[in-house]
Amino acid sequence: MSRVLLLILFILWMAWKQDIPLNADSWRPAEVGVYLAWYGVLVGAMRLWSRWVSRQIHRGNISRHLRRFTRAMFFSRVGVVVWLGWGLFGLGWGDFVLDVMGPAGRWSIQTPAALVGVLPALLAWAGLWWSQYPADRALREQSLLSALENGLPVYSPPGLRSYLKANLRLQMLFTVVPVVMLLAAHDLLMVAVLEPLRITPQERPWLNFGLLLVASGGIFVIAPEILRWVLHTQPLADSPLRRRMEELCRRHKMRYRDILLWRTDHNMGNAAVMGVIPRFRYVLLSDLVLQTMTDEQIEAVFAHELGHVVHRHMLWYLLFVLIFMFALIGPGQWVESHLSFQWLGHWVSRDVAQKLVELVLLVGAGATFLLSFGYVSRRFERQADVFAARTMQGEAMAPMDRDSRSHVGAHGARIFQSALHRVAVINNIPVAARSWCHGSIASRMDYLENLSQNPQRTWAFDRLMSRLYLAMILGLIFSLAWVVKADSLQQPGPGTTTGQEYSW
Ligand SMILES: [Zn+2]
């Protein structure tokens, strides 16, 4: 979730840069100072709160304080995003950055200005980890005891440096590196293709769009090769467990480049899969997962990642983003042109009303994206859970008894539930804690329990997912058709005069 927020920082910058305002009253140094100081105030206040919470933990009353603090931390991160948005659209932060950058800010080149523009927000983002550290550390110290009781290996809580480094790699670089690659690819296309041909993006929006699509497709495909270094991984050594996982992949015809050990200094128990094509596809298992879970549990976690590949979730996510993009260009612009706050004219000026329309659209689009993305993501996670439970069920059977139309049985559900529960323990996540993109661990465990009681329920879930995929395909066709139609209406036909020509 927080990675999505990080992405929004860049989207805000790009959205603002789209229509560079011409009213660049440059900021005075004092105004810049006040604007940036707000980030500092936020980080400082959260740090104080965090230290207070850490003292409460040592006194033994955790959960309520911690819940509040976690929620406040989430809203602080939202606050960083909102502050940048307000700075850009309301206060003139963007104009200031472009001014400071001089000619570099006005070029068709995007990367340098974008980086400078979002830099304070990124620094505040990292500052919030520093704020969070005391509370996290105290919590980890507390959970050492329960780890000992559960017979799990015990690792001392990470130092501040290791904590910051792990978060920097996992959260920030994981998002920022692909975005910067994308921006750089855009700049390269501008300089190497469009400028020599003397074409501006405005003249040939479809050519520009097509080139960008090709560039982002290329980066999407090769990103795992770079992210495997960003995330600090190494090939997983050969072992009976590794061979069993390889066998599992062979059986499901899943091809990949390598299975990787993900080194987090025991900060995090997690697994992931990345890459749409086998040549650049990696499955990652973190050090904490490998050292604190049983082989059967690790295999179940691995099967969950395999489920994401088998059901092609990466491609469906890509489709989701495309649908959203087309929906913004097509139906979104239609809404914008029909949404006027003229009735506000009695109270505010036209400029303010226009700004309000933009704000409502921005918030509306953002909320729609987060809600629908959360929904789709939770469905995909559930489908991967179901796949894992089915697979573990099948593992226990003789090959000839494996049903092609398998379902979640009690055995498979139990193994995957135990793996989920262990993930919660090693990461200090309460099982009831809600997660936007995954759903709570408790709800995931309950769901499998429910499915395992009747095979029909698994198949009903399969039908639900088929309908979701069908809806996404229809959504793509619909939004694309809208964009194409709206575009053809805007092309002036022979004999018509556009407003511009008329006034000339
Ligand atoms: Zn997953």
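Chemist: What's the story with the confidence of the model for the chain in this structure? I'm lost.
Modeler: Low-confidence regions, as indicated by low pLDDT, have predicted coordinates that should not be scrutinised in detail. Averaged over all residues, the pLDDT of the chain equals 83, while 89% of them reach at least 70. Confidence over residues 492-504 falls short of pLDDT 50; this stretch has two contacts with residues more than four positions distant or in other chains.

Chemist: Help me understand the sheet that holds strand β4 (residues 282-286), please; the structure alone is not making it clear to me.
Modeler: Neighbouring strands of a sheet are bound in pairs by backbone hydrogen bonds; such pairs are parallel or else antiparallel. Judged by pairing direction, the sheet is mixed, and its four strands sit side by side in the order β1-β2-β4-β3 without closing on themselves. Only two strands of the sheet have a single neighbouring strand rather than two, namely β1 (233-235) and β3 (271-274). Neighbour to neighbour, the strand axes of the sheet diverge by 30 degrees on average, direction disregarded. Where helix α11 (residues 295-310) meets the sheet, it contacts β2 (258-262), β3 and β4, and its direction lies at approximately 25 degrees from that of β3.

Chemist: Just to check I follow, could you spell out the coordination of the zinc ion for this structure?
Modeler: In an ideal octahedron of six donors the angles at the metal are 90 or 180 degrees, and in an ideal tetrahedron of four donors they are 109.5 degrees. Those protein atoms acting as donors to the zinc ion are His304 (NE2), His308 (NE2) and Glu381 (OE), and they sit at 2.1 Å. One chain supplies every donor to the zinc ion, and in sequence these donors are spaced H-x3-H-x72-E. Here His304 pairs with His308, and both are found in helix α11, just four residues apart, close to one helical turn. Exposure remark for His304: the relative accessible area of 6% places this residue in the buried category. Classification of His308 as buried rests on a relative accessible area of 12%.

Chemist: What exactly am I supposed to notice about the packing of aromatic side chains here?
Modeler: When we look at a pair of aromatic rings, we describe it by the centre distance and by the angle of the planes. For the structure on display, the rule yields 20 aromatic pairs. With a centroid separation of 5.5 Å and 70 degrees between ring planes, the pair formed by Phe74 and Phe75 is classed as edge-to-face. Each residue in the set Trp316, Tyr317, Phe320, Phe324, Phe369, Phe373, Phe380 and Tyr469 is aromatic and connected to the rest through ring pairs, giving one cluster. Between the NZ or CZ atom of Arg228 and the centre of the ring of Trp229, over which it lies, the distance is 5.0 Å. Positioned above the aromatic ring of Phe280, the side-chain terminus of Arg279 is 4.7 Å from the ring centre.

Chemist: Explanation requested: the pairing of β4 in the structure shown.
Modeler: A regular strand places its side chains so that they alternate between the two faces of the sheet. Of all five residues in β4, five are buried, a share of seventy percent or more. In β4, alternate side chains face the same way, and those of Tyr282, Leu284 and Ser286 on one face and Val283 and Leu285 on the other are all buried. Across five bridges, the pairing between β2 and β4 is parallel. Bridging from a neighbouring strand, Leu260 pairs with Leu284 of β4. Sheet analysis places β3 next to β4, joined by four bridges and oriented antiparallel. The residue bridging Val273 from the neighbouring strand is Val283, located in β4.

Chemist: Explain the environment of Tyr375 to me, please; I cannot follow it from the model alone.
Modeler: Mapping Tyr375 onto the fold places it in helix α13 (residues 350-395). Along the backbone, Tyr375 and Gly439 are 64 residues apart, and their C-alpha atoms lie at a distance of 9.5 Å.

Chemist: Would you take a moment to explain α11 for this structure?
Modeler: Along an α-helix, residues three or four apart share an orientation, since each turn contains 3.6 residues. In a regular helix each residue adds 1.5 Å, so 16 residues correspond to 22 Å; α11 covers 22 Å between its end C-alpha atoms and thus fits that length. Burial within α11 is extensive, with 13 of its 16 residues counted as buried. Downstream of α11 by a residue or two, Arg312 has a phi angle that is positive, lying close to 55 degrees.

Chemist: Help me understand helix α6 (residues 111-149) in this model?
Modeler: If you look at α6, its biggest bend is around 45 degrees, right at Leu119, and the proline Pro120 turns up within four residues after that. Backbone geometry just downstream of α6 places Gly151 in the positive-phi region, at approximately 70 degrees.

Cut-offs used in this document
- Residues numbered from 1 in each chain as written.
- Predicted model: local features only at pLDDT ≥ 70, side-chain atom pairs only at ≥ 80, totals over all residues.
- Heavy atoms only, no water.
- pLDDT = per-residue confidence, 0-100.
- Contact = heavy atoms within 4.5 Å.
- Pairing = 2+ DSSP bridges.
- Helix = DSSP H or I, 4+ residues; strand = E, 2+ residues; numbered from the N terminus.
- Axes fitted to C-alpha atoms, helices over the stretch in contact; angles between N-to-C directions.
- Donors = N, O, S within 2.8 Å, 3.2 Å for Na, K, Ca; no water.
- Buried < 20%, exposed > 50% of the residue type's maximum accessible area, 1.4 Å probe, protein only.
- Phe/Tyr/Trp six-rings, centres within 6.5 Å; stacked < 30°, edge-to-face > 60°.
- Lys NZ or Arg CZ within 6 Å of the ring centre and 35° of its normal.
- Expected span 1.5 Å × (residues − 1).
- Bend = angle between axes of the 7 residues up to and from the residue.

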